[in-house]
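Observations on the model geometry
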Amino acid sequence: MASQQTESALLSLVVFDMAGTTVQDRGEVPAAFTAALEQQGIRVTAEQLNAVRGASKRQAVLDLLPDGPDRQARAEKAYAEFKRDLARRFSEQVRAVEGAETTFAWLRERGVRVALNTGFDREITDLLLDALRWRSGVVDAVACGDEVRRGRPAPQLIFRCMELTETLSVHEVAVAGDTMLDLQAGYNAGAKWNIGVLSGAHSRGKLESQPHTHLLGSVAEVPGIWGEEK
């Protein structure tokens, strides 16, 4: 317990993914991807979709289109349709993962900053934040896929969250996400705590194959890392 308390004193920032980690994922993202790409005559497999979970959504659309002279234009059309479809799906019902808001509050009450990072662009992210009422007093910063030059597995989203919260060292940072790319980004950032959660896209087996410090059922279990059970 003493060791856990010592480590918790070093914690300054926890960076959480959104869909599948703190926001319930009921298949809206892959469904919207599939529909948008089908409009471009492209059929993708579940394995292909699974491979881009956690990535920049704009880049993921481009990566799933074959090479050709009109690839970029087709990608822009597909991405625009993806955003429209996803906004419609999310507008019907958006819910937080059970325990997410309690975990945010638990951390912030102890002086730990809370940030969200996501492969969604700012437009979709704002839709989610409004629907969840996470605009004020819930998190300290939000970094979106269209606000950095490279998405996951690059660490830029995490570094952006550090910049926004004025966090000095990755040795004071925890990262939590539900995809292999989340864990790869946490590792590439050098985060002290790199936490996989089983509430979203990828299975225990897939997450265990990636660098991590903890695997949890959900973000509701995060306080237990530092010796606290909610």
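So, here's what we can say about the structure. In this text the structure is predicted, and so the values were computed from the model without any measurement.

1. A look at the packing of aromatic side chains
Within the structure shown, the criterion is met by six aromatic pairs. Ring geometry for Trp 193 versus Trp 226: centroids 5.5 Å apart, planes at 70°, classification edge-to-face. Linking Trp 193 in strand S5 (residues 193-197) with Trp 226 in the segment after strand S6 (214-216), this pair joins segments that are 33 residues apart in sequence. Judged by relative accessible area, which is 3%, Trp 226 ranks as buried. Of the aromatic side chains, those joined through ring pairs into one cluster are Phe 16, Phe 104 and Trp 134. Across from the ring centre of Trp 193, 5.5 Å away, lies the NZ or CZ of Lys 192, which sits over that ring.

2. Examining the environment of Glu 208
Along the chain, the position of Glu 208 falls in helix H10 (residues 204-208). For Glu 208 and Trp 193, which are 15 residues apart along the polypeptide, the C-alpha to C-alpha distance reads 15 Å.

3. So, the pairing of strand S1 (residues 13-16)
Burial along S1 is two-sided: Leu 13 and Val 15 facing one way and Val 14 and Phe 16 facing the other are all buried. Relative to strand S2 (residues 113-117), S1 is paired through four bridges, and the arrangement is parallel. Each bridged residue has a counterpart across the sheet, and for Leu 13 the counterpart in S2 is Arg 113. Relative to strand S4 (residues 173-177), S1 runs parallel, the two being bridged by four bridges. Along S4, the bridge assignment pairs Leu 13 with Val 173.

4. Points about the pattern of salt bridges
The final tally for this structure, using the stated rule, is 18 salt bridges. Across the pair Asp 67 and Arg 71 runs a salt bridge whose closest N-O atoms are separated by 3.4 Å. The shortest N-O distance in the salt bridge between Arg 110 and Glu 109 comes to 3.7 Å. Overall, the relative accessible area of 64% leaves Glu 109 in the exposed class. Each of Arg 122, Asp 126, Asp 130, Arg 135 and Glu 147 takes part in salt bridges that share partners, so that together they form one network.

5. Notes on the packing of helix H5 (residues 71-92) against helix H7 (residues 122-132)
At their nearest, the axes of H5 and H7 sit 11 Å apart, and the two run at 5° to each other. One finds that H5 runs roughly parallel with respect to H7. Where H5 approaches H7, its residues Phe 82, Lys 83, Leu 86, Ala 87 and Phe 90 are matched on the opposing element by Glu 123, Ile 124, Leu 127 and Leu 128. Split into classes, the residues belonging to the contact of H5 with H7 amount to seven nonpolar, no polar and two charged.

6. Observations regarding the environment of Arg 58
By the element assignment, Arg 58 lies in helix H4 (residues 57-64). With residues up to four places along the chain from it excluded, the contact list for Arg 58 reads Glu 76 and Tyr 79.

7. Topic: the pairing of S2
Where burial is concerned, most of S2 is hidden: four out of the five residues are buried. Summarising the sheet, S2 and strand S3 (residues 141-143) pair through three bridges and their orientation is parallel. From the neighbouring strand, Asn 117 faces S3, where its bridge partner is Ala 143. Taking the sense of rotation as the criterion, the β-α-β connection linking S2, H7 and S3 turns out right-handed.

8. Digging into the side chain of Arg 74
The topology assignment puts Arg 74 in helix H5. This buried residue, Arg 74, is left without a salt bridge; Asp 70 holds the nearest opposite charge, at 4.5 Å. Contacts of Arg 74, omitting those with residues within four sequence positions, involve Gln 40, Ile 42, Leu 65 and Pro 66.

9. Some words on the environment of Thr 102
Tracing the sequence through the fold places Thr 102 in helix H6 (residues 100-109). Judged by relative accessible area, which is 47%, Thr 102 ranks as partly exposed. The sequence separation of Thr 102 and Pro 223 amounts to 121 residues, and the corresponding C-alpha distance is 9.9 Å.

The rules behind each value
Residues numbered from 1 in each chain as written. Predicted model: local features only at pLDDT ≥ 70, side-chain atom pairs only at ≥ 80, totals over all residues. Heavy atoms only, no water. Phe/Tyr/Trp six-rings, centres within 6.5 Å; stacked < 30°, edge-to-face > 60°. Helix = DSSP H or I, 4+ residues; strand = E, 2+ residues; numbered from the N terminus. Buried < 20%, exposed > 50% of the residue type's maximum accessible area, 1.4 Å probe, protein only. Lys NZ or Arg CZ within 6 Å of the ring centre and 35° of its normal. Pairing = 2+ DSSP bridges. Salt bridge = Lys/Arg side-chain N within 4 Å of Asp/Glu carboxyl O. Axes fitted to C-alpha atoms, helices over the stretch in contact; angles between N-to-C directions. Parallel < 35°, antiparallel > 145°, perpendicular 65-115°, else oblique. Contact = heavy atoms within 4.5 Å. Nonpolar A, V, L, I, M, F, W, Y, C, P; charged D, E, K, R; others polar. Right-handed = clockwise from strand over helix to strand, strands pointing away. Lys, Arg positive; Asp, Glu negative; His and termini not counted.

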